[in-house]
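One letter stands for each residue in the lines below.
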Amino acid sequence: MIPKDHPRYRSLVARERLARCAREGIVAPEGLAAHGRGEAFDYLIGERTTESAALAERTAAAMLLAARHAVISVNGNTAALAAAEIAALQRASGADAEVNLFHRTEERIERITRLLTEHGVRVLTGTPERIVPLSHDRALCLPQGIGDADVVLVPLEDGDRCAALREMGKTVITVDLNPLSRTARTATLTIVDEVTRAIPAITAACSTLEAGEAERLVASLDNTYLLRAAIDEMRERLAHALE
Ligand SMILES: Nc1ncnc2c1ncn2[C@@H]1O[C@H](COP(=O)(O)OP(=O)(O)OP(=O)(O)O)[C@@H](O)[C@H]1O
Ligand SMILES: CC(C)(COP(=O)(O)O)[C@@H](O)C(=O)O
Ligand code: BAL
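Residues numbered from 1 in each chain as written. Chains lettered and ligands numbered in written order. Predicted model: local features only at pLDDT ≥ 70, side-chain atom pairs only at ≥ 80, totals over all residues. Heavy atoms only, no water.

A. Quick peek at the pattern of salt bridges. The tally for this structure, following the rule as stated, stands at 16 salt bridges. Residues Glu 24 and Arg 20 are paired through a salt bridge, measuring 3.9 Å at the closest nitrogen-oxygen approach. Taking the relative accessible area as the measure of exposure, Glu 24 reaches 38% and is therefore partly exposed. For the salt bridge of Asp 158 with Arg 138, the shortest nitrogen-to-oxygen distance reads 2.4 Å. Pair noted here: Asp 158 is in the loop between β5 (151-153) and α6 (159-167) and Arg 138 is in the loop between β3 (129-130) and β4 (140-141), with a separation of 20 residues, a long-range link. The burial state of Asp 158 is the same as that of Arg 138; both residues are buried. (Salt bridge = Lys/Arg side-chain N within 4 Å of Asp/Glu carboxyl O. Buried < 20%, exposed > 50% of the residue type's maximum accessible area, 1.4 Å probe, protein only. Helix = DSSP H or I, 4+ residues; strand = E, 2+ residues; numbered from the N terminus.)

Okay, structure coming up:
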């Protein structure tokens, strides 16, 4: 039982949820390591949504709403951490949701699909095909899902799949606490924020974008600026960390 007044309550609750979902075969064991890497970067931005991340989240909302066919690609970590948040984003944006795994097993696909459905997510299902040119199982996706999408939201992603989706002409939005990851540097739009903060922020933006704001956000998108702003935030916090 984690006391609500614990200074790291939010982090410990997330870890407890991931550990439980790993035991239940939803989160891959490797996902615990990936989460730890993310938490380290979250420390560096002060475990809060920075100004540049907030700008990226509003831009993501604009891109999802303008999409011909937006798909949220869900892996085990994202399902464990943000199933209800994905359902709310789906309702706000109209995006489809599809389970796509690196450590793919049919059992994990079924368990993650069940977890998402229980939280209100409408999950695309069907027979996957090797559509994305990759040598691992992230290549497997649904022709009517990621295969048809023009905009894909891929939280906690792999750099090689991000690059492959871009080469297929798709717009890739990622949520990644590490501004130096291959994904962060390859995506069309990178949200350097924690996934349970980022997804609700995108959802909120879907209903608060003002007239003309969406077009301005997309037209002014500069992912290098967003990554540099995140790095500058980390550097500034480190410079004054012991004051
Ligand atoms: N809760 C979270 N919210 C946001 N980002 C996260 C979260 N947990 C992990 N991450 C980040 O998501 C990424 C996914 O982990 P993974 O191990 O696939 O990354 P990676 O291999 O370093 O990335 P890349 O392949 O893009 O270089 C990591 O960059 C990690 O820092
Ligand atoms: C662990 C994970 C971040 C997700 O794995 P999965 O849920 O199988 O897509 C994976 O991409 C990795 O870095 O190993
Ligand atoms: N996420 C699986 C290995 C990679 O980072 O590409």
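The structure having been displayed, the exposition proceeds.
B. Looking closely at the site of ligand 2. Taken together, Glu 30, Gly 31, Ala 34, Asn 75, Gly 76, Asn 100, Leu 101, Phe 102, His 103, Arg 108, Arg 138 and Asp 158 make up the full set of residues adjacent to ligand 2. For ligand 2, an oxygen atom lies 2.9 Å from a polar atom in the backbone of Gly 76. Backbone polar atom of Phe 102 to an oxygen atom of ligand 2: 2.9 Å apart, as the coordinates give it. Within the complex, the protein chains bury 87% of what would otherwise be the 370 Å² of accessible surface of ligand 2. Taken together, the residues that form the shell around ligand 2 break down as 3 nonpolar, 5 polar and 4 charged. (Near = heavy atom within 4 Å. Polar contact = N/O pair within 3.5 Å; in protein donor to acceptor, adjacent residues only side chain to side chain. Areas by Shrake-Rupley, 256 points an atom, 1.4 Å probe, with all protein chains shown as cover. Nonpolar A, V, L, I, M, F, W, Y, C, P; charged D, E, K, R; others polar.)

C. Looking closely at the sheet that holds strand β6 (residues 171-175). Reading across the sheet, the 5 strands line up as β2-β1-β5-β6-β7 and stay open at both edges, with parallel pairing between neighbours. Single-partner strands in this sheet number two, and they are β2 (96-99) and β7 (189-191). Geometrically, the sheet is characterised by an average inter-axis angle of 20° between neighbouring strands, direction not taken into account. The pairing of strand β1 (residues 70-74) with β5 spans 3 bridges and is parallel. Among the inter-strand pairings, Ala 70 is bridged to a residue of β5, identified as Val 151. (Pairing = 2+ DSSP bridges. Axes fitted to C-alpha atoms, helices over the stretch in contact; angles between N-to-C directions.)

D. Focus on the side chain of Thr 188. With respect to the helices, strands and loops of the structure, Thr 188 is situated in the loop between α7 (182-186) and β7. For Thr 188, a relative accessible area of 17% gives the class buried. Among the polar contacts listed, one links the side chain of Thr 188 to the side chain of Arg 166, at a separation of 3.2 Å. Aside from chain neighbours lying at most four places away, what touches Thr 188 is Met 63, Arg 166, Lys 170, Thr 171, Val 172, Leu 221 and Asn 223. (Contact = heavy atoms within 4.5 Å.)

E. Inspection of the site of ligand 3 at higher detail. Surveying the vicinity of ligand 3 reveals the residues Phe 102, Asp 158, Asp 160 and Arg 182. Separating a nitrogen atom of ligand 3 from a side-chain N or O atom of Asp 158 is a distance of 2.5 Å. Arg 182 places a side-chain nitrogen or oxygen 2.8 Å from an oxygen atom of ligand 3. Protein contact buries 58% of the 220 Å² of open area that ligand 3 shows by itself.

F. Representation of the packing of helix α4 (residues 76-93) against helix α5 (residues 106-118) in the model. At a closest axis distance of 9 Å, the pairing of α4 and α5 adopts a crossing angle of 20°. With respect to each other, α4 and α5 are oriented roughly parallel. Every pair of crossing elements has a handedness; the one defined by α4 and α5 is right-handed. Residue-level inspection shows Gly 76, Ala 79, Ala 80, Ala 83 and Ile 86 of α4 in contact with α5, the latter providing Arg 108, Ile 112, Leu 115 and Leu 116. In terms of residue class, the contact of α4 with α5 is made up of 7 nonpolar, 1 polar and 1 charged. (Parallel < 35°, antiparallel > 145°, perpendicular 65-115°, else oblique. Left-handed = near helix turned anticlockwise from the far one by under 90°.)

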